[in-house]
Amino acid sequence: MAENSTRNQVYRGLSSQTLVVIMMGVLEIGVFALMSRLLTPEDFGYYAIILAVISVFQCVTEAGLGSAVIQRSDAPKEFISTALGWSVILGVVFSLLSIVLARPLSELMGYGNELTDSLRWMSITILLCSVNSVARALFMKTLDFMKFGWCQVAAYVISSGIGIGLAIAGYGVKSVVASAIANAVLMTIILFGVRGVMPNFRIYSRYNKDILSYGGWLTGSVIVRRITTELDKFILTRWIPVAQIGAYNRPSGFISSIVDRVNGIYDTVLFPILSSYNDDKEKLKDSFLTAASLVSWFSMILMAAFVLSAQIIIDIFFGSEWEWLVGIFRILSLSVLFLAHSRIGDCYFRSLGWVKAYFNIRLIVCFITLACVYIGCQYGITGVAIGVVISRVVDSAIKMLYLAAKLSVSIFDLAKSVITP
């Protein structure tokens, strides 16, 4: 009975979240195809670097506090208010830090003062994403995935329209920056508006330890994860021209945007469900095997579709001038399965409160990725792509084997769930 209940809960959440992801996926692919024809490789290269820098600051402010609200099943209003208060404080601090460091970071990466203004404008998103992370958590906590999805769609449609309009007008990379800022503003307004509550930023000292302890380790883990994810771009700035970075980021960004959406289904659904019964080892064990099975089969199908359709995808969504990236696209497609397993692992570490172990594993993987990307960089963007895939294989293997041991799942059962639908 417990097994059926667990599976039904997971399947219901997955089905509703899948509809949301399909809507967002169709919109994102359409915008991607259009922007690929409006912007140059240099524009995409500059934006990839800007986003890599800002995303590190952004994850500092939004990673742990929203998750702390979900992870605590009985979180009272005062707990939520404290999490929101701290999110504003951290958002302000790191937005200002990003503004101050914009010029030094631009110069450090070898672009002089070229990226300073864009980095400073993008700093606005750090504060906004920090604030709305708690609002997002409230939707996830109540399993209200569909309503949250419509909020995403509304914000994305409007902000993308702004970006496309500016790109047509010839604003280049500034059009993508403006679209990202507009999306952050709209998401903050819409989420709190739809939720129907006025934000309360009062901090209650009795909840500080719980929030900051859990959130601190988790935030540290997400910072390392973000740095690991963006390592290829950080390293490429010192070795490869910006046009080549923009070219590499096209297949990398396309695959990541779709895979992140798909993997977000599992993460979004499983996290609040697992947090509600994190003391029931049998349910956790069953959900782990169920998730491994679902994720593996769907990801293998998606991976095969990418590899076999690489030429068609490039022609339709990129344009004929990008055909030379077909090989890079196929190599990066091989990481789809391992990205899915890694995301499932992340979800279990957060749900079960094993945030210190999660941080240590992320740190190990960061050094492995650094070595793989650095070695790969010596062979151009093809070598980087191979290095990234290898690092993702190691990442997913470490997490899944660690979780299997902690949940008393045998290697045989885990392997069976991966290869058996």
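One can find the structure itself at the top, above this paragraph.
Residues numbered from 1 in each chain as written. Predicted model: local features only at pLDDT ≥ 70, side-chain atom pairs only at ≥ 80, totals over all residues. Heavy atoms only, no water.

(A) Looking closely at helix H10 (residues 310-318). Those residues of H10 that fall on the buried side of the exposure criterion are Ala 310, Ile 313, Ile 314 and Phe 318. Viewed along the axis of H10, the buried residues span an arc of 100 degrees, placing them on a single side of the element. Backbone geometry just after H10 places Gly 319 at a positive phi near 115 degrees. (Buried < 20%, exposed > 50% of the residue type's maximum accessible area, 1.4 Å probe, protein only. Helix = DSSP H or I, 4+ residues; strand = E, 2+ residues; numbered from the N terminus. Arc of directions from axis to C-beta.)

(B) Representation of the side chain of Thr 125. The residue Thr 125 is located in helix H4 (residues 116-141) in this model. Within polar-contact distance, the side chain of Thr 125 engages the backbone oxygen of Met 122 at 2.6 Å. (Polar contact = N/O pair within 3.5 Å; in protein donor to acceptor, adjacent residues only side chain to side chain.)

(C) Representation of the packing of helix H9 (residues 281-308) against helix H11 (residues 326-333). For the pair H9 and H11, interaxial distance at closest approach is 8 Å and the crossing angle is 170 degrees. The angle between H9 and H11 falls in the class roughly antiparallel. Residues Met 303, Phe 306 and Val 307 of H9 form the contact with H11, whose participating residues are Phe 329, Arg 330 and Ser 333. Each residue belonging to the contact of H9 with H11 can be placed in one class, and the counts come to four nonpolar, one polar and one charged. (Axes fitted to C-alpha atoms, helices over the stretch in contact; angles between N-to-C directions. Parallel < 35°, antiparallel > 145°, perpendicular 65-115°, else oblique. Contact = heavy atoms within 4.5 Å. Nonpolar A, V, L, I, M, F, W, Y, C, P; charged D, E, K, R; others polar.)

(D) Expanded view of unusual backbone geometry. Here the phi dihedral of Ser 408 falls at roughly 60 degrees; this positive angle occurs in a residue that is not glycine. Tracing the backbone shows Ser 408 in the loop between helix H14 (380-406) and helix H15 (411-419).

(E) Representation of the nonpolar core. If you look at the biggest cluster of nonpolar residues, it comprises 31 residues, and the most contacted ones within it are Tyr 248, Phe 254, Phe 306, Phe 318 and Phe 329. Elements that contribute at least two residues to this core include exactly helix H8 (242-276), H9, H10, H11, helix H12 (336-351), helix H13 (355-377) and H14. Per-element tally for this core: the top contributor is H8, with seven residues. Excluding residues that lie within four positions of it along the chain, Phe 254 makes contacts with Phe 32, Asn 249, Phe 306, Ile 313, Phe 317, Phe 318 and Phe 329. Counting residues in hydrophobic clusters, the runner-up holds 29 residues, among them Met 24, Tyr 46, Tyr 156 and Val 177. (Core = buried A, V, L, I, M, F, W, Y, C linked by side-chain atoms within 4.5 Å.)

Scope: geometric values only; no functional claims are made or implied.
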